[in-house]
Amino acid sequence: MPNIALLTSIVCLTIIHLRIASVAGCWSANACIDRNVCISKGGTPQTGLCPGAANIQCCTCTTCKDAAACSASSGTPHAGICAGAANIQCCKGGSTSPGTGPSKPTNTMLTGLADILRGAGLNVVEVAGWKTRGHGVMASVKGIVVHHTAGPKTGDYPSLGVVRDGTSSLAGPLAQLGLGRSGTWFVIAAGRCYHAGSTIDDSIYGNSNAIGIEAEGAGLPATDSGHAHWPEVQYQSYVKGVKALQKAYGVASTRVLGHKEAAVPKGRKIDPNFSMAEFRTKLG
Ligand SMILES: [Zn+2]
């Protein structure tokens, strides 16, 4: 038998909600947050509903559930972007998300990198010593951060020395993987690398939890659309290689971010100089 009192309260809540929505735009003033922060929490940002800067967007979550149930299904609960009680949180990842792979590395070296890329039919160069190179082990692989080197204008992978050995101010390795202009992958390190710096969520995109890929590119012009400044063979290989890594480590496409998206403060990085929205669309 239907609970009349409950139905009445639902109708009332709907009316109140619609009234608030028509006045404020976004469903809650608290849901007007930076779009990248929204995405990192599993939400979907919507433009045109919040006052303030263009990056401040209305964040909604499609999977609001009990935080404990979220964790039990290997997801990560995020507070603040779901309506309701405090335990109801936005669940990101977990067993219902796409791309869940068989390997969940924990506090280990990623010694499978070369085989994963070769298995996808890619051309792979194993850089001597890669299996033991790194600033310690990887805590996990929850994210993938996509970079460009901003290196020399010619050559297949002239930045290899820098990515492997670092600079006078930052010790190498600077990324686990390099990608040459020919589409060849260079496997440089199996451990933790200094590529990310501070991020919107270091538990996903920080150096301990995200694979870094430094693709050779002059980095100019600093565009944020299309991929016209990238050789097609390199770009297609970038997509293919990231897809293979996602499949192997169970990383959803929403957790494949450009450095320009992951880095904080916003605007600290411009790489890569292609559209990440297009890139993620190609990842599927
Ligand atoms: Zn970068």
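Let us look at the structure shown here. Everything numeric here is computed off the predicted structure, so don't read it as measured data. (Residues numbered from 1 in each chain as written. Predicted model: local features only at pLDDT ≥ 70, side-chain atom pairs only at ≥ 80, totals over all residues. Heavy atoms only, no water.)

Right, let's get into the packing of helix H7 (residues 232-249) against helix H9 (residues 276-283). Closest axis-to-axis distance for the H7/H9 pair is 10 Å, and the angle between their directions is 60°. Considered as vectors, H7 and H9 are oriented oblique to each other. Like other packed secondary-structure pairs, H7 and H9 cross with a definite hand, here right-handed. Contacts between H7 and H9 pair Tyr235, Tyr238, Val239, Val242, Lys243 and Gln246 from the former with Glu278, Phe279, Lys282 and Leu283 from the latter. (Axes fitted to C-alpha atoms, helices over the stretch in contact; angles between N-to-C directions. Helix = DSSP H or I, 4+ residues; strand = E, 2+ residues; numbered from the N terminus. Parallel < 35°, antiparallel > 145°, perpendicular 65-115°, else oblique. Left-handed = near helix turned anticlockwise from the far one by under 90°. Contact = heavy atoms within 4.5 Å.)

With that settled, the discussion passes to the coordination of the zinc ion. For the zinc ion, the protein coordination sphere consists of His147 (ND1), His259 (ND1) and Asp271 (OD), at 2.1 Å. Coordination of the zinc ion draws on donor residues from a single chain, spaced H-x111-H-x11-D in sequence. Of this pair, His147 sits in strand S8 (residues 143-148) while Asp271 sits in the loop between helix H8 (259-262) and H9; the two residues are 124 residues apart in sequence, bridging distant segments of the chain. Judged by relative accessible area, which is 1%, His147 ranks as buried. By relative accessible area, which is 5% here, Asp271 ends up buried. (Donors = N, O, S within 2.8 Å, 3.2 Å for Na, K, Ca; no water. Buried < 20%, exposed > 50% of the residue type's maximum accessible area, 1.4 Å probe, protein only.)

Once that is clear, we can look at the side chain of Ser140. One can find Ser140 in the loop between strand S7 (124-126) and S8. Ser140 gets classed as buried once you look at its relative accessible area, which sits at 8%. Side-chain polar atoms of Ser140 contact the side chain of Asn209, separated by 2.6 Å. (Polar contact = N/O pair within 3.5 Å; in protein donor to acceptor, adjacent residues only side chain to side chain.)

Restricting attention to buried positions, one finds in H9 the residues Met276, Phe279, Arg280 and Leu283. Looking down the long axis of H9, one finds its buried residues gathered within 95° of arc, a one-sided arrangement. Next to the buried residues of H9 lie S8, H7, strand S12 (256-258) and H8. Its side-chain oxygen 3.3 Å from the backbone nitrogen of Ala277, Ser275 forms the N-cap of H9. Looking at the residues trailing H9, positive phi occurs at Gly284, about 85°. (Arc of directions from axis to C-beta.)

Turning to unusual backbone geometry, a few remarks are in order. Residue Pro265 is bonded to the preceding Val264 through a cis peptide linkage, with omega at -5°. Summarising the element assignment, Pro265 is placed in the loop between H8 and H9. Of note, the bond from Asp271 into Pro272 is cis; its omega dihedral lies within 30 degrees of zero at -5°. Note on placement: Pro272 falls in the loop between H8 and H9. In this structure, Asn107 takes a positive phi of about 50° despite not being glycine. Within the secondary structure, Asn107 sits in the loop between strand S6 (88-93) and helix H4 (113-119). Positive phi, normally seen in glycine, also occurs at Ala150, with a value near 55°. As for its position among the elements, Ala150 is in the loop between S8 and helix H5 (160-165).

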